[in-house]
Amino acid sequence: MEGKTERLAQQQLDAYNQQNIDEFLGVYSDDVIVMTFPGNDVMYRGKEKMRERYSQLFKNNPNQHAELISRMVKENIVIDYEYVTGRANGESINAIAMYEINDDKIQKVWFVKQNSVN
């Protein structure tokens, strides 16, 4: 299970960095839920809403790149710590993304973001 879980997380990260929206969304369930952590506040639901948000993100940030700093995998949960550069506003950020995988798709995502210290 953990090997498949890690492959899905890596596939979406690679597609994110290539700004390939179809490959990126291919690993997510149609009814994916994206939340903040802590608190589980829902940012949005559904792959089509995700398509809207990430299509705009890719368009507005054509040089954005997420470097994987570390990854933890436990059964169907992946926690990625990333350093994101190339944003249009010139700011780099540290990002933590947590993924829950079920039925070979990412079902839930939690994001914790902090601005980097320059």
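Structure: above.
Residues numbered from 1 in each chain as written. Predicted model: local features only at pLDDT ≥ 70, side-chain atom pairs only at ≥ 80, totals over all residues. Heavy atoms only, no water.

### Focus on the side chain of Asn 94
Filter applied, for reference: Where helices and strands are cited, they refer to DSSP runs of H or I of at least four residues and of E of at least two residues respectively, numbered from the N terminus. By the criterion applied in these results, polar contacts are pairs of N or O atoms within 3.5 Å in which, for protein atoms, one can donate a hydrogen and the other can accept it, and in which residues neighboring in sequence qualify only through two side-chain atoms.
Tracing the backbone through its elements, the reader meets Asn 94 in strand 5 (residues 93-102). A polar contact of 3.1 Å, which involves the side chain of Asn 94, links it to the side chain of Tyr 81.

### Description of the pattern of salt bridges
To be explicit about the condition: Think of a salt bridge as a Lys or Arg side-chain nitrogen and an Asp or Glu carboxyl oxygen that are within 4 Å of each other. A 1.4 Å probe rolled over the protein chains alone gives each residue an accessible area, and that area as a share of the maximum for its type sets the label: buried under 20%, exposed over 50%, partly exposed in between.
The tally for this structure, following the rule as stated, stands at six salt bridges. Arg 51 is the partner of Asp 22 in a salt bridge, and the nearest nitrogen-oxygen pair spans 3.0 Å. On the criterion of sequence distance, the pair formed by Asp 22 in helix 2 (residues 21-25) and Arg 51 in helix 3 (residues 47-60) is long-range, its members being 29 residues apart. In this structure, Arg 51 and Glu 48 form a salt bridge, with 3.7 Å as the shortest nitrogen-oxygen distance. A residue pair is termed a helical-turn pair when its members lie 3 or 4 positions apart in one helix, as Arg 51 and Glu 48 do in helix 3 at three residues. Judged by relative accessible area, which is 26%, Arg 51 ranks as partly exposed. The structure contains a network of salt bridges with shared partners spanning Asp 22, Glu 48 and Arg 51.

### Topic: the packing of aromatic side chains
Where we set the bar: Classification of ring pairs uses Phe, Tyr and Trp, with its six-membered ring standing for Trp, and accepts pairs whose centres are within 6.5 Å; under 30 degrees between planes counts as stacked, over 60 as edge-to-face, and the remaining range as tilted.
All chains considered together, the criterion is met by seven aromatic pairs. A ring pair is formed by Tyr 16 and Phe 24, whose centres lie 6.1 Å apart and whose planes are at 50°; its orientation type is tilted. Accessibility assignment for this pair places Tyr 16 and Phe 24 in one class, buried. Between Tyr 54 and Phe 58 the ring centres are 6.1 Å apart and the planes differ by 65°, which places this aromatic pair in the edge-to-face class. In this pair, Tyr 54 and Phe 58 both sit in helix 3, four residues apart, roughly one turn of the helix. A relative accessible area of 6% places Phe 58 in the buried class. Among the aromatic residues, ring-to-ring pairing joins Tyr 16, Phe 24, Tyr 28, Tyr 54 and Phe 58 into one connected group.

### Here we look at the environment of Asn 63
Basically, it comes down to this: The contact rule is simple, with two residues in contact once any of their heavy atoms fall within 4.5 Å.
Within the secondary structure layout, Asn 63 lies in the loop between helix 3 and strand 3 (65-74). In this structure Asn 63 comes out as exposed when scored by relative accessible area, which is 59%. Asn 63 sits 45 residues away from Lys 108 along the chain, and the two C-alpha atoms are 26 Å apart. Residues contacting Asn 63, with those up to four places away along its chain left out, are Gln 19, Thr 85 and Gly 86.

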